[in-house]
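Each chain is listed here by its residues.
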Amino acid sequence: MKLRYLLAAAADDLWIYKKSGGVVVLCNGLVLFLVGLFLLAGYNTDRRFDRLRQQGRLTIYLRDSAGPAAIVHLKRRLEQDRQVAAFTYISKEDALQLFRHGGGEASLLAELDGNPFPAAFEVEAVDRSALTELTRRYARFAAVEEVQDPSPWQEGWDGMFGQLSMVGMTVGSLVAAIAAAVIVAAARLHFRLRQAEVRMMRLVGAPPLWIRSLFGLEGAALGMTGGGLALAAVLGLFALLRERIEAHLAAGPFGDQPLEVLPVEMMVGVVLAGGFVGGLGGFFSVGWRRS
Amino acid sequence: MIQLTQISKRHSSQAGLSTPPLPALSGINLKVEKGECVLLAGPGGAGKSTLLKIIWGEVSPDEGEVVVDGKNVAHLSASALAALRRRMGFIPQDLALPPDRTVFDQVAFPLRMAGLPQCNDLSGRVRQILRRVRLDGYDCRTISSLADGERQRVAIARALVHHPILLLADDPTHYLDDAAVDEIASLLNEVHVAGTTVVVATRHCGLLARMSGRMAIIQRGQVIEDGAA
């Protein structure tokens, strides 16, 4: 009975104190909105870094002397190779075109005789660990001039990603701590304004745990509502700006990988975290004092 | 029911550290038997309210022992004190009525804390006590919309709705006119006759004249006279 009444009383209180509750929800919503933005940015950055980290690409440069038969032979080997996910053949002419489209200096080419660019296969390995083996395997072909293995510079990237992750986690922890402090403070302030009610409850013999649970429940509801509001704002902003940001990022080092919305678990996490922290703030806004 | 032994309490000094604390109660001994009605009379600032708050456990005495219903109030945990309070009723001088609540909510609260199911029984008991204090039809009114006298009646109804074994009333007629004082006096007398122990602190001569019971006069924090009214 007391539990049922506790839930009903919490619902009543949320309605009765809707003005100050609304301020708390807005406050929670604002800080959780910032947390949501941070998570969204972090999630998409992490995905991009992850793609770069996992990417296993190498380039097989062919000798100018490699004839069509050798090229076809190499193509077949690549098709049959289980460690190769995909490959593209770039002829000498294609390479020249790419250079020109890429803004290469025409004067530089004029000084040279003919087309200096070699034909090549751009190979995507099934995963990065296969790169060394693939490099060794295809370097043995007579038609192959050189196989460019990107592993060494990718290891450099790994180090940088690790450091960036550390910075991201530190900033994330700081943002989470500040958000938690603001939510707890807002909840405590909201319930501090109801000291007359606390006194009345104590006066008629409401158990201290009951009073705390009531405020904890209300704090949780306010926190979750703030979380929901924040999430709606983040998703709205994301839908509004997604294309513009993607277009902006396409020119950068990460290519045209599309932006993704936060996964459901993270969204639920934001709402639940708001509820949990709000609940704690409410629960601890009343002491165990006897009077 | 109540046993007060050598109760002393000093108010903390407001003027600064150089001023010694002001004594509110000094060596009070008082025994109230089960089913008895005791009227604590005396001028304002005599210590009547402080004494009731000490019995209620809201204020701790600096010295002495308070035993209520066989329990030493000072030694009770917060939850044990709450359990004791659920069996008693208290009408504080400031009424302790949150302004945004409805009359029904306020009066039903002690019943809900006592675990009475949400059914016709609860509503019936709330309406019955509201009728007794002449507040029929006030169920849905918020406290902030009531006059002072009506609020006083709500506080009285809240203290009586769960049939307490002990009723403490701190100036229960403070905001009431003479006609209403008559009604409250007869209500408190009825409660007493029904077997509830009643302790009323008042300086209202009209109430003292209309109530039957033992009168204890408090002056400057001491019981100077204790006898039948």
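None of these values were measured; they are calculated from a predicted model.

Rules used throughout
- Residues numbered from 1 in each chain as written.
- Chains lettered and ligands numbered in written order.
- Predicted model: local features only at pLDDT ≥ 70, side-chain atom pairs only at ≥ 80, totals over all residues.
- Heavy atoms only, no water.
- Helix = DSSP H or I, 4+ residues; strand = E, 2+ residues; numbered from the N terminus.
- Rg over C-alpha atoms; globule rule 2.2 N^0.38 Å.
- Buried < 20%, exposed > 50% of the residue type's maximum accessible area, 1.4 Å probe, protein only.
- Contact = heavy atoms within 4.5 Å.
- Areas by Shrake-Rupley, 256 points an atom, 1.4 Å probe, with all protein chains shown as cover.
- Lys, Arg positive; Asp, Glu negative; His and termini not counted.
- Charge placed at Lys NZ, Arg CZ, Asp CG, Glu CD.
- Buried area = accessible area lost by both parts, 1.4 Å probe.
- Salt bridge = Lys/Arg side-chain N within 4 Å of Asp/Glu carboxyl O.
- Polar contact = N/O pair within 3.5 Å; in protein donor to acceptor, adjacent residues only side chain to side chain.
- Nonpolar A, V, L, I, M, F, W, Y, C, P; charged D, E, K, R; others polar.
- Pairing = 2+ DSSP bridges.
- Phe/Tyr/Trp six-rings, centres within 6.5 Å; stacked < 30°, edge-to-face > 60°.
- Lys NZ or Arg CZ within 6 Å of the ring centre and 35° of its normal.
- Axes fitted to C-alpha atoms, helices over the stretch in contact; angles between N-to-C directions.
- Left-handed = near helix turned anticlockwise from the far one by under 90°.
- Core = buried A, V, L, I, M, F, W, Y, C linked by side-chain atoms within 4.5 Å.
- Patch = residues over 30% accessible without salt bridge, like charges linked within 9 Å, V, L, I, M, F, W, Y side chains within 5 Å.

Digging into the overall build of chain A
And step 1. Scanning chain A from N- to C-terminus turns up 10 helices and 4 strands.
And step 2. Starting at the N terminus and ending at the C terminus, chain A contains elements arranged as α-α-β-α-β-α-α-β-α-β-α-α-α-α.
And step 3. At 30 Å, chain A has a C-alpha radius of gyration far larger than the 19 Å of a compact globule built from 291 residues.
And step 4. Here the C-alpha coordinates of chain A stretch approximately 100 × 35 × 30 Å along the principal axes.
And step 5. Residue burial in chain A is summarised as follows: out of 291 residues, 37% are buried.
And step 6. In chain A, the share of contacts with a sequence separation of at least 24, taken over all contacts with a separation of at least 6, comes to 83%.
And step 7. A total of about 16100 Å² of accessible surface is found on chain A, and carbon and sulfur atoms cover 64% of it.
And step 8. Each charge sign in chain A was given a centre, from 30 positive and 28 negative side chains, and these centres are 17 Å apart.

What to know about the interface of chain A and chain B
And step 1. With 25 residues of chain A at the interface, the matching set in chain B holds 29 residues.
And step 2. The junction of chain A with chain B conceals about 2500 Å² of combined surface from both sides, 59% of it contributed by carbon and sulfur atoms.
And step 3. Seen at the junction of chain A and chain B, the total is 4 salt bridges.
And step 4. Applying the counting criterion to the chain A and chain B interface returns 6 residue pairs in polar contact (both at pLDDT 80 or more).
And step 5. Broken down by secondary-structure element, the contributors of at least two residues to the side of chain A that touches chain B are helix H1 (2-16), helix H8 (195-203) and helix H9 (208-250) of chain A.
And step 6. In terms of residue count, H8 of chain A provides more of the side of chain A that touches chain B than any other element does, 7 residues in total.
And step 7. By residue class, the composition of the side of chain A that touches chain B is 14 nonpolar, 2 polar and 9 charged.

Points about the pairing of strand S8 (residues 197-202) of chain B
Residues and elements named next belong to chain B.
And step 1. In terms of burial, S8 is largely enclosed, as 6 of its 6 residues are buried.
And step 2. As paired strands, strand S3 (residues 37-41) and S8 are joined by 5 bridges and run parallel to one another. Residue pairing for S8: Leu39 is matched across the bridge by Val200.
And step 3. Relative to S8, strand S7 (residues 166-170) runs parallel, the two being bridged by 5 bridges. Bridge pairing in S8 places Ala169 opposite Val200.

Digging into the packing of aromatic side chains
And step 1. Per the counting criterion, the structure on display carries 7 aromatic pairs over all chains.
And step 2. When the ring of Trp210 of chain A is compared with that of Phe109 of chain B, the centres are 5.7 Å apart and the planes differ by 75°; the resulting orientation is edge-to-face. You can see Trp210 of chain A sitting in helix H9 and its partner Phe109 of chain B sitting in helix H3 (residues 103-113), one on each of two chains.
And step 3. Look at Trp210 of chain A and you get buried, because its relative accessible area is 8%.
And step 4. Joined through ring pairs, the aromatic side chains of Phe87, Tyr89 and Phe121 of chain A make up one cluster.
And step 5. Between the NZ or CZ atom of Lys18 of chain A and the centre of the ring of Trp15 of chain A, over which it lies, the distance is 4.1 Å.

Description of the packing of H8 of chain A against H9 of chain A
Between two packed helices, what matters for the description is the angle formed by their axes and the separation of those axes.
Residue and element names in this part refer to chain A.
And step 1. Between H8 and H9, whose axes approach to 10 Å, the crossing angle comes to 145°. Judged by the twist between their axes, the crossing of H8 over H9 is right-handed. Contact residues: Val198, Met201 and Arg202 in H8; Trp210, Ile211, Leu214 and Phe215 in H9.

Observations regarding the nonpolar core
And step 1. In this structure, Val103, Val107, Val126, Val154, Leu167, Val200 and Met211 of chain B are the most contacted members of the largest nonpolar core, which totals 43 residues.
And step 2. Once you skip the residues sitting within four places of it in the chain, Val103 of chain B turns out to touch Leu130, Tyr138, Asp139, Arg141, Ile143, Leu146 and Val154 of chain B.

Description of the pattern of salt bridges
And step 1. One pass over the structure, following the stated rule, counts 28 salt bridges over all chains.
And step 2. Across the pair Arg199 of chain A and Glu58 of chain B runs a salt bridge whose closest N-O atoms are separated by 2.8 Å. One end of the pair, Arg199 of chain A, is in helix H8; the other, Glu58 of chain B, is in the loop between helix H1 (48-56) and strand S4 (63-68), on a second chain.
And step 3. Residue Asp94 of chain B pairs with Arg199 of chain A through a salt bridge whose shortest N-O separation is 2.6 Å. Of this pair, Asp94 of chain B sits in the loop between strand S6 (88-91) and H3 while Arg199 of chain A sits in helix H8, each in a different chain.
And step 4. Residue classification places Asp94 of chain B among the partly exposed residues on the basis of a relative accessible area of 49%.

Some words on the sheet that holds strand S3 (residues 120-125) of chain A
Residues and elements named next belong to chain A.
And step 1. One open sheet accounts for 4 strands, arranged S2-S3-S1-S4; its pairing is antiparallel. One side of each edge strand has no neighbouring strand; the edge strands of this open sheet are strand S2 (84-90) and strand S4 (144-148). The sheet shows a mean angle of 20° between the axes of neighbouring strands, taken without regard to direction.
And step 2. Across 5 bridges, the pairing between strand S1 (residues 57-62) and S3 is antiparallel. Paired with Tyr61 across the two strands is Ala120, which belongs to S3.
And step 3. Most of the contacts of helix H3 (residues 68-80) go to S2, to which it runs at about 160°, and overall it touches S1, S2, S3 and S4.

Focus: unusual backbone geometry
Outside of glycine, negative phi angles account for most residues, and trans bonds account for most peptide bonds.
Residue and element names in this part refer to chain B.
And step 1. Positioned with a positive phi, Gln6 is a non-glycine residue whose angle comes to about 50°.
And step 2. Within the secondary structure, Gln6 is located in strand S1 (residues 2-11).
And step 3. Looking at Gln6, the relative accessible area reads 43%, which means it is partly exposed.
And step 4. Within the chain, Leu95 stands out as a residue other than glycine whose phi angle is a positive 70°.
And step 5. Within the secondary structure layout, Leu95 lies in the loop between S6 and H3.

Let's talk about a nonpolar patch on the surface
Residues and elements named next belong to chain A.
And step 1. A cluster of nonpolar side chains, namely Met224, Val264, Val268 and Leu272, defines an oily patch on the protein surface of about 350 Å² accessible area.
And step 2. Top element by residues in the nonpolar patch is helix H10 (residues 264-283). It accounts for 3 residues.
And step 3. The residue Met224 is located in helix H9 in this model.
And step 4. Met224 sits in the partly exposed class, given a relative accessible area of 36%.

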